[in-house]
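Residues per chain, in single letters:
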Amino acid sequence: MATSPAAPTAEPVGIRPTPGAPGPAAPRRSWSVLAAVLAASWAVPLLLDALALDVLLLPVLVLTTASLIRVGGGLLDRLVVASFLLCGAVMAAGLLFSVWPWGLAPVPGAGLLLTVAAVSGWLARRRPRLPLRLRGSDALVAGTVAVVWHYVHHPVAGKPAADRLAYFVTSEDRMGHFSYFAGIRQVGGYAFLHQDAARTYMMTPSEAVYPQGSHFLLAWVDALVTSSAGAGSALAMTNRYFLYVLAAYALFCGALVWAARWIGGPRLRGWRAAAVCATAAAVIVSGSMAELIERGFDSETIGLLFLAVALAVLVRPATGRAEFVLVAAAGLIAVTYVYNLYGVLVGLALAAVLFVHRRRFTGRWIPVLGALAAATLVAGLPSVFSVLTKLDVAKTSNLAGPMVIPDRPVFIGLGLLALVAATLPVNRRTGTGRMVLAVVLGAAAVIGVFGAWQKHTIGYYSYYFEKLAAAGLVIALLSLGLIGLMLPPDGRATGPALRRRADLLLRSCLAAAAALALFGNVQWGVPSGWSHPSAWYGSPMLKWARGEAKGDMGPAAAVLTERDLPGVTSPVIALYSNDSYYNLKSTFLAQILTHQAGNMVGLYEVFHVKLGGPAAVEENEYRTSLGRLKTAIASCPAAPTVLVGDRKTADRLREDLAAAGSAAVVVHAPLT
């Protein structure tokens, strides 16, 4: 099916055929070809499943999608957009996977996705084709992913799964996210569609109100990695899940670099492309956003990843109409399912692109708007469901909690530079310039209104304001693609081809080195004044890589996995310390390691239990803690096992709980 570009750009996008002139003949639809591709769509998953190599279905699906779409002139662009489309398709298809009898089994899901791709390609008369062209700046995109992966994976490299728990449990947020992931693996679909079954694995009302797109996507990937619909050992699952979120952060950083380059378009090449890519990489690698890992903000990380790609392909929608509808639908679904707060920004960008590029849809408004309306309904389904059931939007929006604060100077400075670039006469005449202006101003308005509302209602900027600000930082970094076009382009070089390429490589390397020094604090071996180390070495990612962000849960993780949990099927309350927060995290960890995170309904009662350690506590503190402990025990569906670090405290608790009629098994379990 022939398509026309959805966005005018200042650079050539291809030669249009003369009106009335015969174009290239479209390939005929052959029923034998359809039968062959349908057979292959199921034969490949069945074969890989028989060999326990279902994980290879991931590249098969990506390459199949990439070969059928017509987006971008290079291989990396095609693969990024294809991966994005696949993620959106998996989350949307998850509504079906959640209710059919096979759950997350690899063969039915992959077979269905391949069948849809094959039939779509056959109907559109698309022959599989991949562009093999690579760009020099591809190395900066791939290099960003590789460098970030090296640093974030370094502290856990070579360690067994039990030892990695100290890095896994750096916050209770990650334990909560893991419980959603594990619950989806156990019930075989979205938790909000299996609420009764899911309550065993996650604390209510999370099964109904929290966005579950990232957890579902990772659960589906995990089914392919393990070649099984079964969840398996919780300890092994924590290890795999942790690796997935570390990889997601590395991909997020690489996606920002790619997105900035994509917005620059074909005009952004040579040393200008190197400067833009290296600047985006320097800011995101050396800035505060690496704290997302330590804080356990896994859904936010993946939401920002999808937001970066979605906004990039909407700001410069250099695609045909069919591909435009597909990427817009994928953006709405992927971003809203993963982190619905960011769905507002995707909706804003989509409204802007439909207005800015309205001439491209002349004569096609009904099918385009119909398809986007359907995608909007699918994208909004989980959010509407949560609002109509148990979600208090106003109260949730003002929640307090630990925050990752984006770099304000970079956020504000790049945003202002983007406005300068977008308002230049040369850019005001392009669709990309008008889109950058619309998205930057629109995002600033959304963030400003939300911040003003928080100041009015609670008097300060809270948890979700900083998450919106993180999206603003993403938009500012994406705008580097347009800002880079303000730099002078390479002159028309003369001389032998080898010399021209060497000159281009030298300038590109110098531009990248300058960007890393200016925005990443990389000093290239030059000592700082007063013998202080470079600020690069004090960045959050370097601290994580050195193990400085390691949590304090190593001893509890060791005794739980090796001694206290094997054979235990009841809920567990772990009181290893007089530190109530340590007891809370130990108890939460025990629940997720036994796939019972939802059975500890009174988990946060444990936050007030300040006993269990070897040091004696005052009588008033003991009585207060005992009352909270009895409340926690009463919330359990079955008599829990109470692990107590101090023998005397364990003996006294056993007597007092029995006297009060609280059914629990108290066990002396020293922490060391």
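Calculation criteria
Residues numbered from 1 in each chain as written. Predicted model: local features only at pLDDT ≥ 70, side-chain atom pairs only at ≥ 80, totals over all residues. Heavy atoms only, no water. Pairing = 2+ DSSP bridges. Helix = DSSP H or I, 4+ residues; strand = E, 2+ residues; numbered from the N terminus. Axes fitted to C-alpha atoms, helices over the stretch in contact; angles between N-to-C directions. Core = buried A, V, L, I, M, F, W, Y, C linked by side-chain atoms within 4.5 Å. Buried < 20%, exposed > 50% of the residue type's maximum accessible area, 1.4 Å probe, protein only. Left-handed = near helix turned anticlockwise from the far one by under 90°. Contact = heavy atoms within 4.5 Å. Nonpolar A, V, L, I, M, F, W, Y, C, P; charged D, E, K, R; others polar. Parallel < 35°, antiparallel > 145°, perpendicular 65-115°, else oblique. Phe/Tyr/Trp six-rings, centres within 6.5 Å; stacked < 30°, edge-to-face > 60°. Lys NZ or Arg CZ within 6 Å of the ring centre and 35° of its normal. pLDDT = per-residue confidence, 0-100.

## Description of the sheet that holds strand S1 (residues 572–575)
Reading across from one edge, S1-S2-S3 is the order of the three strands in this open sheet, with parallel pairing throughout. Two strands lie at the open edges of the sheet, namely S1 and strand S3 (665–668), each paired on one side alone. Strand after strand, the sheet turns through a mean of 20° between neighbouring axes, direction not considered. Sheet analysis places strand S2 (residues 641–644) next to S3, joined by four bridges and oriented parallel. Its bridge partner being in S3, Val644 is matched across the sheet by His668.

## Some remarks on the nonpolar core
Ranked by size, the top nonpolar core spans 195 residues in total, and within it Met91, Tyr249, Leu304, Phe306 and Leu589 carry the most contacts. With 19 residues, helix H11 (residues 234–264) is the single largest residue contributor to this core.

## A few points about the packing of helix H3 (residues 75–97) against H11
Packing of H3 against H11 brings their axes to within 12 Å, and their N-to-C directions diverge by 115°. Like other packed secondary-structure pairs, H3 and H11 cross with a definite hand, here left-handed. Contact residues: Leu76, Asp77, Val80 and Val81 in H3; Trp258, Arg261 and Trp262 in H11. Each residue belonging to the contact of H3 with H11 can be placed in one class, and the counts come to five nonpolar, no polar and two charged.

## Quick word on the packing of helix H1 (residues 31–50) against helix H4 (residues 106–123)
Relative placement of two packed helices is described by the angle separating their axes and the distance separating the axes. Contact geometry for H1 and H4: axes closest at 9 Å, N-to-C directions at 160°. Viewed along their axes, H1 and H4 adopt a mutual orientation that is roughly antiparallel. Relative to H4, H1 is oriented so that their crossing is right-handed. Within the contact between the two elements, H1 uses Trp31, Leu34, Val37, Leu38, Ser41, Trp42, Pro45, Leu46 and Asp49 and H4 uses Pro106, Val107, Pro108, Ala110, Gly111, Leu112, Leu114, Thr115, Ala118, Val119 and Trp122. Across the contact of H1 with H4, the residue classes tally to 16 nonpolar, three polar and one charged.

## Looking at unusual backbone geometry
Each neighbour pair has its own omega, and for Thr204 with Pro205 the value is 10°, a cis peptide bond. A positive phi is found at Ser227, a non-glycine position, where the angle reads about 55°. Along the chain, the position of Ser227 falls in the loop between helix H10 (213–226) and H11.

## Quick look at the packing of aromatic side chains
If you walk through the whole model with that rule in mind, you get 28 aromatic pairs. Taken together, a centroid distance of 6.2 Å and an interplanar angle of 50° make the contact between Phe84 and Phe306 tilted. Residue Phe84 is found in helix H3, and its partner Phe306 is found in helix H14 (residues 298–315); the two are separated by 222 residues along the sequence. Side by side, Phe84 and Phe306 carry an identical accessibility label, which is buried. Members of the aromatic cluster, each reached through a chain of ring pairs, are Tyr167, Phe168, Phe178, Phe181, Tyr241, Phe242 and Trp544. Of note, Lys455 hangs over the ring of Tyr461, and the distance from its end group to the ring centre comes to 5.4 Å. Taking NZ or CZ as reference, Arg652 lies 3.8 Å from the ring centre of Tyr622, over its face.

## Remarks on the environment of Ala39
Position of Ala39 among the secondary structure elements: in helix H1. The sequence separation of Ala39 and Gly111 amounts to 72 residues, and the corresponding C-alpha distance is 9.7 Å.

## With respect to the pairing of S1
Look at any regular strand and the pattern is simple: side chains alternate between the two faces of the sheet. In S1, alternate side chains face the same way, and those of Val572 and Ala574 on one face and Ile573 and Leu575 on the other are all buried. Across four bridges, S1 lies against S2 in parallel orientation. Its bridge partner being in S2, Leu575 is matched across the sheet by Val644.

## Regarding the confidence of the model for the protein
With 94% of its residues at a pLDDT of 70 or more, the protein shows a mean pLDDT of 89. Scored below 50 in pLDDT, residues 1–23 makes 39 contacts in the model with residues more than four places away or belonging to other chains.

## Some points on the side chain of Lys585
By the secondary structure assignment, Lys585 is in helix H27 (residues 580–593). Accessibility expressed as a relative area gives 7% for Lys585, which makes it buried.

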